Amino acid sequence: MRAATETKSERISASAEAQPRIRISRAGMRYDAAQVFRDIDLDIGNREVVAIIGPSGCGKTTLLRCIDGLLPLTSGELRLEGEPVRGPREGVAMVFQHFGLFPWKTVAQNVAYGLKLAGRGADAIAAKVAECIELVGLAGFEHYYPWQISGGMQQRCGLARALAVEPRVLLMDEPFGAVDAQTREILQFELLKIWEMRPTTMVFVTHSIEEAVLMGDRIVVLKGRPSTVHEVVEVDLPRPRERRTLTLPRFAQLREHVWSTLMAEALRAEYEVRK
Amino acid sequence: MSEAGAGALQATSRRRRLAIDSPVVLKAIAGVLLLALWEGVVRAWAPAYVARPTGIARVFAAVITDPQFVAAAGATLGAVALGLTISLVAGTAVGFAMGRIAPVEWSLRYYVNSLFATPMVAILPLLALWFGYNGDTRLAVVVFASFFSIAINAADGARSVPAEFLEVARAFRARPLGMLFEVIVPASLPYLIAGLRLGAGRALVGAVVAEYFVSIPGLGYYILYNSRTFRHDEAFVGVLVLVTTGVGFEAITRWLTRRFLPWHRRT
């Protein structure tokens, strides 16, 4: 079904067609004595949305940073479009939970940041910035500073900054974790709409089960100490996903399934005492 | 007009009539009273050559237009400006290196802190021997007085750049120089301005004290000379210029902060 949405505008060679956008093999991460995760195998296809979910401390954000090249794996291998990841790469952009906007830059200047670093010309940057600001619904707020706008608007800005570099892989690190519940819902559906307009490979880290089901084509459940892939849930909900999706019986089924998978772990984590 | 509206209007006019308790008016009244007290005490008990407000006002115009005084003020303030510039450039470079490169921090921190705590007046005789009884000593004192406060603040600023900003810059593949000028410098600006403010005050003191000690033409020497020749009113005009410079610098840094760092303390 996914193949049907592929178009020839996709700039990949015939040999690359066969390989996944991201290939994670036997990935492990250890900080000093603590093994965070181990033996993670995961292939992520072109234009596939993979949600990664797991209890606090399972290393889902760490894994995302490894995919971005911000952190090196301590074992295993990570390939992006066939090439090993050794640092942040062109074509990959990240949206942060903490927004990560520069407070001394305006909305427009923040959105332009990645383009400037990529060495684009002033005219190209101006056009792209205007387009992306429009896309995320920030038109009219170009010259505001982050401290002048709400958390939801700040994350719209963070999203525009990521989209501006036209990434082939979009990494979302609990992007709506720091905004209130209503704003979160609004942003979720806007993100889905934007994704329909310009689908990319997306890895979405969240600890909201609903969000994982709503966003993902697949949900990767991380569990255990050290954590590893416990289950990969195929989300066979139709796209485009909209508010209506939340009312489908299949949505409730999948949510319950993921919840029961995580519940025991969540309870254990809640009552855990640090030694 | 509604009753509430009328009440508000009345309150406004009452506030206008009682403006005598507004900060501006109180400040002016207190100032006039202090000057009057000074004038009265000097007239009643002090010898005629002691400075008093009316005396200072009488000589003010003449002193301020005296080419010798202008040259003296220029020499002192010029040395302060040059010394501060040197300290700002070198202190920021050293401070950033300390704040971002751990081995530099480990090697220098102790010595920078110690030299910051060293009273500049105490080593002034040594600096005079090294640099000679001339303007070089004044410049050296100004740099010594301001360098360490600027370096320490720059180091604190560079060290406390939020990790999230650096992460974003790395994720967007910023190169080291871009990281420095687009992230570390702007994020440390509030600290740099704080260090510059502190350093400027110390630099001004340093310049004046250096002139007292090595007797080179300048505002400090002008004040010293006129005090010793019983021309206290003239000496006091020199003091006023120094005060104005200090206050003016404060005002400039406060304006810079408001103008360019509106994000500071709001994020």
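None of these values were measured; they are calculated from a predicted model.

**Re the interface of chain B and chain A**
- Counting residues at the interface gives 19 residues for chain B and 23 residues for chain A.
- The three residues of chain B that bury the most area against chain A are Glu167, Phe172 and Glu182 of chain B, which together make up 31% of that side's buried surface.
- Joining chain B to chain A, the criterion identifies 3 salt bridges.
- Lysine 105 of chain A is the partner of glutamate 182 of chain B in a salt bridge, and the nearest nitrogen-oxygen pair spans 2.9 Å.
- Where chain B packs against chain A, one counts 4 residue pairs in polar contact (both at pLDDT 80 or more).
- Of the residues belonging to the side of chain B that touches chain A, the class tally is 11 nonpolar, 1 polar and 7 charged.

**A closer look at the nonpolar core**
- With 106 residues, the main nonpolar core has Ile22, Val111 and Ile219 of chain A as its most contacted residues.
- Once residues within four sequence positions are removed from consideration, isoleucine 22 of chain A is found in contact with Leu42, Asp43, Ile44, Ile67, Leu78, Arg79, Leu80, Val169, Thr201 and Val203 of chain A.
- Within the second largest apolar cluster, 23 residues are counted, among which are Phe69, Leu196, Leu204 and Val208 of chain B.

**A word on the packing of aromatic side chains**
- Applying the stated rule across the entire model yields 17 aromatic pairs over all chains.
- Seen from their ring centres, phenylalanine 102 of chain A and tryptophan 104 of chain A are 5.3 Å apart, and the 20° between their planes marks the pair as stacked.
- Judged by relative accessible area, which is 14%, tryptophan 104 of chain A ranks as buried.
- With 5.0 Å between their ring centres and 85° between their planes, phenylalanine 147 of chain B and phenylalanine 148 of chain B make a pair best called edge-to-face.

**Some words on helix 4 (residues 67–100) of chain B**
- For helix 4 of chain B, which comprises 34 residues, the first-to-last C-alpha distance of 48 Å matches the rise-based estimate of 50 Å (1.5 Å per residue) to within 8%.
- The residue sitting at the N-terminus of helix 4 of chain B and contributing the capping side-chain oxygen is aspartate 66 of chain B; that oxygen lies 3.0 Å from the backbone nitrogen of glutamine 68 of chain B.

Calculation notes
Residues numbered from 1 in each chain as written. Chains lettered and ligands numbered in written order. Predicted model: local features only at pLDDT ≥ 70, side-chain atom pairs only at ≥ 80, totals over all residues. Heavy atoms only, no water. Contact = heavy atoms within 4.5 Å. Buried area = accessible area lost by both parts, 1.4 Å probe. Salt bridge = Lys/Arg side-chain N within 4 Å of Asp/Glu carboxyl O. Polar contact = N/O pair within 3.5 Å; in protein donor to acceptor, adjacent residues only side chain to side chain. Nonpolar A, V, L, I, M, F, W, Y, C, P; charged D, E, K, R; others polar. Core = buried A, V, L, I, M, F, W, Y, C linked by side-chain atoms within 4.5 Å. Buried < 20%, exposed > 50% of the residue type's maximum accessible area, 1.4 Å probe, protein only. Phe/Tyr/Trp six-rings, centres within 6.5 Å; stacked < 30°, edge-to-face > 60°. Helix = DSSP H or I, 4+ residues; strand = E, 2+ residues; numbered from the N terminus. Expected span 1.5 Å × (residues − 1).

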